[in-house]
Amino acid sequence: MNTTAGPALVDALAADVDRLRVAEPEVRQDLPDSVHQMRVATRRLRSLLRSYRPAFARRPVTELSDELRWLAGLLGVARDAEVRADQFEALLGENGALFDDGSAPTGKKSAPAAGRRKAASSNGSKKSAPAAEKPAAGSTFGAQLVAEQRDRYAEAHKAAVEAFDTPRYRTLLDNLSALLADPPLRGKANKPAADLFTDVLHHDFRKLRDLVRTEPEATGDEHIEHLHDIRKAAKRLRYAAEAATTVLGDPAADLGRKAKKLQTVLGDHRDAVEGLQTLHTHASASAEPGYQRLRAAEEAAAAKALEQYPATTEFLDHHAL
């Protein structure tokens, strides 16, 4: 494609600004997967502004990135609770009766998932219940835990929707419109698009490869956080590659798919780790069968992800494009 980098990059950003705007009314209505889609659009925008920062003036992009981080944080609280509720519900359904005393909360209950993350999938096939009524005193530990996460989702969703009506959010939308209408481009935006996009992908590829190569040196909690850093770097490479596909074609698309596989496997690992952390806050219930089933399932899921992890990094032994 014979074009300069600036217009091609603005086109890529425009697609995610559109996704964010489309998702907002869906989040207000609490439609299936809407929080997830709006959070992804927000994160993609931040990631692209970071990866392609050589093409932009620093100050306005930094300020915009900070506000996108604020919005992603609001949505993240709701999304994390949504994932956790669906995850616990599915895992208990697969590993033993979740509501073995008939005390299921009255909120909508997820179907058991065929795969770990499908319980909170992004295909819009279902959504978390807004809020579950409190289980009765005789409820199982599993029912109580799911209801707790549903309640957290409802509170966080309410906070996000309220934020949509604030001057801060409206200013963010105005600034995103200004980014597209009058982008704060600088020198490197005048390079051929193929050159800048290739440079960025090589840079993000090397950053990810370096993290993967140093991963065996980390131990304990440091190792868990190092894997999380690898996941974030893979996601950044994925988004940069997907944005470059219209310019670089199949090589960028293939790189994006490979980075996504790595991101997904380590996302499964992170889900399991955070599930175990949530369980740890309920250690007083450790004698409950539901607690024991969940702990065993989360530990197994973390181990499975680590087994899959090496194969997803093999593409880093070759050239980026």
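Residues numbered from 1 in each chain as written. Predicted model: local features only at pLDDT ≥ 70, side-chain atom pairs only at ≥ 80, totals over all residues. Heavy atoms only, no water.

J.: Before we go on, may I ask you to explain the packing of helix α8 (residues 250–280) against helix α9 (residues 289–312) in this structure?
T.: In a packed pair of helices, the relevant descriptors are the angle between the two axes and the axis-to-axis distance. Between α8 and α9, the least distance of the axes is 9 Å, while the angle of their chain directions is 155 degrees. Classed by the angle they form, the pair α8 and α9 counts as roughly antiparallel. The chirality of how α8 crosses α9 is left-handed. A breakdown of the residues in the contact of α8 with α9 according to their chemical character gives 13 nonpolar, 5 polar and 7 charged. (Axes fitted to C-alpha atoms, helices over the stretch in contact; angles between N-to-C directions. Helix = DSSP H or I, 4+ residues; strand = E, 2+ residues; numbered from the N terminus. Parallel < 35°, antiparallel > 145°, perpendicular 65-115°, else oblique. Left-handed = near helix turned anticlockwise from the far one by under 90°. Nonpolar A, V, L, I, M, F, W, Y, C, P; charged D, E, K, R; others polar.)

J.: How should the environment of D80 be read in this particular structure?
T.: By the secondary structure assignment, D80 is in helix α3 (residues 58–95). A residue is classified by how much of its surface remains accessible, and D80, at 33% relative accessible area, is partly exposed. Through-space distance from the C-alpha of D80 to that of E274 is 9.5 Å; in sequence the pair is 194 residues apart. (Buried < 20%, exposed > 50% of the residue type's maximum accessible area, 1.4 Å probe, protein only.)

J.: What am I meant to see in the pattern of salt bridges here?
T.: Once the charged atoms of two side chains with opposite charge are near each other, the side chains can pair. Tallied over the full model, the rule gives 23 salt bridges. With its nearest N and O atoms 2.9 Å apart, the salt bridge here joins R84 to E274. Within this pair, whereas R84 is found in helix α3, its partner E274 is found in helix α8, the two being separated by 190 residues in sequence. Assessed through its relative accessible area of 23%, E274 is described here as partly exposed. A salt bridge links K158 to E162, with the shortest nitrogen-to-oxygen separation between them at 2.7 Å. Of this pair, K158 and E162 are both found in helix α4 (residues 141–163), 4 residues apart, which corresponds to roughly one turn of the helix. We classify K158 as exposed; its relative accessible area is 51%. Overall, the relative accessible area of 44% leaves E162 in the partly exposed class. (Salt bridge = Lys/Arg side-chain N within 4 Å of Asp/Glu carboxyl O.)

J.: I keep staring at a positive patch on the surface and nothing clicks. Help me out?
T.: A grouping of R50, R53, R58, R186, K188 and K207 is seen on the molecular surface, where their side chains present a positively charged patch. Note that R50 resides in helix α2 (residues 34–51). Among the residues examined, R50 registers a relative accessible area of 51% and is labelled exposed. (Patch = residues over 30% accessible without salt bridge, like charges linked within 9 Å, V, L, I, M, F, W, Y side chains within 5 Å. Areas by Shrake-Rupley, 256 points an atom, 1.4 Å probe, with all protein chains shown as cover. Lys, Arg positive; Asp, Glu negative; His and termini not counted. Charge placed at Lys NZ, Arg CZ, Asp CG, Glu CD.)

J.: What exactly am I supposed to notice about the confidence of the model for the chain here?
T.: Where the model shows low pLDDT, its predicted coordinates should not be examined in detail. Residues with a pLDDT of 70 or more make up 85% of the chain, whose mean pLDDT is 87. Between residues 96–138, whose pLDDT stays under 50, and residues either more than four places distant or in other chains, the model counts 102 contacts. (pLDDT = per-residue confidence, 0-100. Contact = heavy atoms within 4.5 Å.)

J.: What is the right way to read the nonpolar core from this model?
T.: Soluble globular proteins tend to bury their nonpolar side chains together. Within the largest apolar cluster, 69 residues are counted, with the highest numbers of intra-cluster contacts made by L20, L201 and L208. Looking at this core element by element, the count peaks at 12 residues for helix α7 (residues 220–248). Leave out the neighbours within four places in its chain, and L201 touches Y52, L237, A240, A241, A244, L248, A252, L255 and L321. Core analysis: the next-biggest nonpolar cluster, separate from the first, contains 12 residues, L92, L279, Y291 and L294 among them. (Core = buried A, V, L, I, M, F, W, Y, C linked by side-chain atoms within 4.5 Å.)

J.: I would appreciate a short explanation of the packing of aromatic side chains in the present structure.
T.: The relative placement of two aromatic rings is captured by the distance of their centres and the angle of their planes. If you walk through the whole model with that rule in mind, you get 4 aromatic pairs. An angle of 50 degrees between the planes, with centres 5.0 Å apart, marks the rings of Y52 and F197 as tilted. Of this pair, Y52 sits in the loop between α2 and α3 while F197 sits in helix α6 (residues 193–214); the two residues are 145 residues apart in sequence, bridging distant segments of the chain. Assessed through its relative accessible area of 1%, Y52 is described here as buried. Centre to centre, the rings of F164 and Y169 are 4.9 Å apart; their planes meet at 40 degrees, and the pair counts as tilted. (Phe/Tyr/Trp six-rings, centres within 6.5 Å; stacked < 30°, edge-to-face > 60°.)

J.: Can you help me understand the side chain of Q149 in this one?
T.: Counting through the fold element by element, Q149 comes out in helix α4. Within the local environment of Q149, its side chain forms a polar contact with the side chain of E148, the two groups lying 3.3 Å apart. Aside from chain neighbours lying at most four places away, what touches Q149 is A81, R84, A85, F88 and T278. (Polar contact = N/O pair within 3.5 Å; in protein donor to acceptor, adjacent residues only side chain to side chain.)

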